[in-house]
Amino acid sequence: MLQEQIDLLEIITNKQYNNPEINTLFKGLLYSPWQCSNKLIDKYVSKSLAKIVKRYKQSVLHFVFNTTKFNYYQTYICGIYLELNDSNTGEEANFLAQLNLYKEIISEDLEKANLNFDELSSQGQDTLVGLYIYATIAVYEVAGIIQPIDNSKHFHLKIKECYLDAYLIKQFRTFCNQLSRISDYSTLYHLTTNFGLPQLQKNSEPLKNITNHLIDKTLSINIKYLDTSLSYSFQQLFNRAQLLTFLYCYLVHHCSTPNKIELKPVKIHNADILKARFNQNEIDNLVADIDNRTGFYNTVLERTEVNDWLNLKNFNLYYMFNIHAKSLLDKSLRAHQKWFEINYLIPYLRKELDQERFIIGQGFKRTNKYQNRIANYDVDVVIYDKKTDLIYFCQLKHTVNFLTTNFRNELNTFSSEILEKGVNQLIALREIINDDLIKQQLITAFQNTPLTKSYIRKNDFSKNSRFILIHNMQDFDFCIKNSITLYEWNTLRNLLKGSSVYTKIDKDHYYRGEKIKELPIDLADLNAVKEHSHMNNNINSSFKISKEYLELSIYSHSQTVIFNKIIKNNIKLDCIAPYFN
């Protein structure tokens, strides 16, 4: 059997839900942490880290909310400068993506207090980022994943050795997500460069082709496998998706190189969208589609105070497609509960995978006859790999969700009902995998395929069975939950096809895609996938990570007030801490 794997999210959620006080502490640290209870911080967080967290809390209350006053002699951290380096190689790590994620969740929390992050002073912004970083580190420390380094002159933390593999898998997941987004960005950059923005009009062939690709990748909807009864609903969705794709092309058009991603909103005139043959109703409906959402990702397009000028946000394609397609999907495709499993998943796998290597079987589940005797199991597709002699039992959970890529939402969704249900169904099957009842259902599932009845009856499935939950939530790629492997559909199908495309920076700092080789390995073994991945072996040097820790150098811009006299000072605080998110 596959060696048991550990997921950091599972460790944290187990710790959280086994202790009500720690649950309260984690929520306090992750949501508006300036309000977190000092009593709980002192009880569960190590003394050195607790001191820093509370120090930043005090600074935020002063510089953001103006609720504290300087004493006659008091020092406040009022700014930070962040550097992230690999302590072993000295390479600078990519910290920009993480910093942007913190900005997004900070903006969400500030919005509840009627504050805007961009309107705060630099002191307020910096102390907020510092607080959120250390609050996240505190969660990992209380969960027992990281620990202080003994006999250290400075405040240092390191990952416990037993969690190193789990930590590296989390980093691998982060890198894959980042590279997937970079690949989308690069594709649209070159599309805009090659054809020119004026040629990317509604229903033009270049825009239609790339929109179909993005819908398949982000929403897992492929027009080739969609039932004809859903054609009208899909066309409505496709029109909205074309507009989003055009807007993103407009965004990247303002970048001089494909690896320069704009962070600030770009101004776009209403007439520029109309020139691309989109109508005014489409524009107005997109602007109005906020659906009671708050935070950075409430909408992609906003009106300005100047007539006919709009703010086009820098946005993540994956989330924008989910957010602005949700209402369309809920009204139409949701009425056809099995459209993905029946119309897409199995036909796609049978057509697209190597038929010499893979045999695809139908799904099966517990029948009503056994509902009082056997736990509820359910699989949507079974995949037999001849090359590895492994059989993958796959349950599918397809959802349209609004989830920003940040740590606190990861924890919530990791314990959500949709994932729990799918995992429990596979666990129930795993417990009885060698029963005659299951073997008979497998014979039926693989009838009219090359997988013989004799093989199924004689095989010991406790040795070569693997259990995978397939979903369409990008944040939970390469996850483990109760020893069940979680894969995002787009990733799993690419691994099965041996045609996964990744993107890296070459010597001229341009992104380019390459295909990995076929992986004749156990896809449920995430360490094997990571180690054998061509992407992992050729990853850009700026993404290299240490086996032990990364150095997060925080320069504390502090000011000391003595009898109304301000003395400013810059102090470098060396903090060895894991690089999260």
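Our subject is the structure listed above.
Residues numbered from 1 in each chain as written. Predicted model: local features only at pLDDT ≥ 70, side-chain atom pairs only at ≥ 80, totals over all residues. Heavy atoms only, no water.

Caption draft 1: Geometry of the overall build of the protein chain. A count of helices and strands for the protein chain gives 21 helices and 16 strands. Taken over 581 residues, the protein chain has a buried fraction of 57%. Taking as baseline every contact in the protein chain between residues at least 6 positions apart, the subset at least 24 positions apart corresponds to 68%. Counting only carbon and sulfur atoms, one obtains 47% of the accessible surface of the protein chain, whose full area is about 26,000 Å². (Helix = DSSP H or I, 4+ residues; strand = E, 2+ residues; numbered from the N terminus. Buried < 20%, exposed > 50% of the residue type's maximum accessible area, 1.4 Å probe, protein only. Contact = heavy atoms within 4.5 Å. Areas by Shrake-Rupley, 256 points an atom, 1.4 Å probe, with all protein chains shown as cover.)

Caption draft 2: Quick look at the packing of helix α1 (residues 8-17) against helix α14 (residues 407-414). Where α1 contacts α14, the two axes come as close as 10 Å, and the packing angle between them is 75°. Judged by the inter-axis angle, α1 sits roughly perpendicular to α14. Counted together, Leu-9, Glu-10, Ile-12, Thr-13 and Gln-16 of α1 and Phe-407, Glu-410, Leu-411 and Phe-414 of α14 form the full contact between these two elements. Looking at the contact of α1 with α14 residue by residue, the class counts come to five nonpolar, two polar and two charged. (Axes fitted to C-alpha atoms, helices over the stretch in contact; angles between N-to-C directions. Parallel < 35°, antiparallel > 145°, perpendicular 65-115°, else oblique. Nonpolar A, V, L, I, M, F, W, Y, C, P; charged D, E, K, R; others polar.)

Caption draft 3: Fine view of the pairing of strand β9 (residues 390-397). Of all eight residues in β9, eight are buried; the element is thus mostly enclosed. Taken together, the five bridges between strand β8 (residues 378-385) and β9 define a ladder with antiparallel strand orientation. Within β9, the position partnered with Ile-383 by the bridge is Tyr-392. The hairpin formed by β8 and β9 contains four residues between the paired strands, and Asp-389 there has a positive phi angle of roughly 55°. Examined bridge by bridge, β9 and strand β10 (residues 465-471) share seven bridges and lie parallel to one another. Looking at β10, one finds that Lys-397 is bridged to His-471. (Pairing = 2+ DSSP bridges.)

Caption draft 4: Broad picture of the pattern of salt bridges. Counted under the stated rule, the structure contains twelve salt bridges. One salt bridge in this structure joins Asp-289 and Arg-240, with 3.2 Å as the shortest N-O distance. On the criterion of sequence distance, the pair formed by Asp-289 in the loop between α11 (280-288) and β5 (301-303) and Arg-240 in helix α9 (residues 231-253) is long-range, its members being 49 residues apart. You'll find Asp-289 and Arg-240 in the same group, each marked buried. In this structure, Arg-303 engages Asp-284 in a salt bridge whose closest nitrogen and oxygen atoms are separated by 2.7 Å. Of the two residues, Arg-303 sits in strand β5 while Asp-284 sits in helix α11, which places them 19 residues apart along the sequence. Judged by relative accessible area, which is 26%, Asp-284 ranks as partly exposed. (Salt bridge = Lys/Arg side-chain N within 4 Å of Asp/Glu carboxyl O.)

Caption draft 5: A look at the packing of α1 against helix α2 (residues 20-30). Remark: α1 packs on α2, axes separated minimally by 6 Å, with the N-to-C direction vectors making an angle of 120°. Comparing their axes, α2 and α1 come out oblique. Packed against α1, whose contacting residues are Ile-12, Lys-15, Gln-16 and Tyr-17, the element α2 presents Ile-22, Asn-23, Phe-26 and Lys-27 at the interface. Each residue belonging to the contact of α1 with α2 can be placed in one class, and the counts come to four nonpolar, two polar and two charged.

Caption draft 6: Main features of the side chain of Asp-216. Mapped onto the elements of the fold, Asp-216 is located in helix α8 (residues 205-219). In terms of polar contacts, Asp-216 uses its side chain to reach the side chain of Tyr-344, at 2.5 Å. Polar contacts involving the side chain of Asp-216 include one to the side chain of Arg-493, which spans 3.2 Å. Those residues in contact with Asp-216 that lie beyond four places of it in its chain are Ile-221, Asn-222, Tyr-344 and Arg-493. (Polar contact = N/O pair within 3.5 Å; in protein donor to acceptor, adjacent residues only side chain to side chain.)

Caption draft 7: Main features of the nonpolar core. Counting residues in hydrophobic clusters, the biggest one holds 131 residues, and the most contacted among them are Leu-128, Ile-273, Leu-301, Phe-364, Phe-393, Leu-442 and Phe-446. Among the elements that take part in this core, α9 stands out by supplying 13 residues, more than any other. Core analysis: the next-biggest nonpolar cluster, separate from the first, contains 33 residues, Ile-360, Tyr-487, Ala-528 and Val-529 among them. (Core = buried A, V, L, I, M, F, W, Y, C linked by side-chain atoms within 4.5 Å.)

Caption draft 8: Molecular detail of the environment of Lys-112. Looking at the element boundaries, Lys-112 is found in helix α5 (residues 96-112). The spacing of Lys-112 and Ser-32 is 80 residues in sequence and 9.5 Å in space, taken between C-alpha atoms.

Caption draft 9: Representation of the packing of aromatic side chains within the structure. Going through the model one piece at a time under the given rule, you end up with 17 aromatic pairs. Ring plane angle 65° and centroid distance 5.7 Å describe the contact between Tyr-225 and Tyr-348, whose orientation is recorded as edge-to-face. Pair noted here: Tyr-225 is in the loop between α8 and α9 and Tyr-348 is in helix α13 (residues 339-352), with a separation of 123 residues, a long-range link. You can call Tyr-225 buried: its relative accessible area is 10%. Ring centres of Phe-246 and Phe-278 lie 5.7 Å apart, and the angle between their planes is 45°; this geometry places the pair in the tilted category. You can see Phe-246 sitting in helix α9 and its partner Phe-278 sitting in the loop between α10 (270-275) and α11, a full 32 residues away along the chain. Take Phe-246 and Phe-278: they sit in the same class, and that class is buried. By the ring-pair criterion, three or more aromatic residues cluster together here, those being Tyr-225, Tyr-344, Tyr-348 and Trp-489. Note that Lys-481 overlies the ring of Phe-414, its terminal NZ or CZ placed 4.2 Å from the centroid. (Phe/Tyr/Trp six-rings, centres within 6.5 Å; stacked < 30°, edge-to-face > 60°. Lys NZ or Arg CZ within 6 Å of the ring centre and 35° of its normal.)

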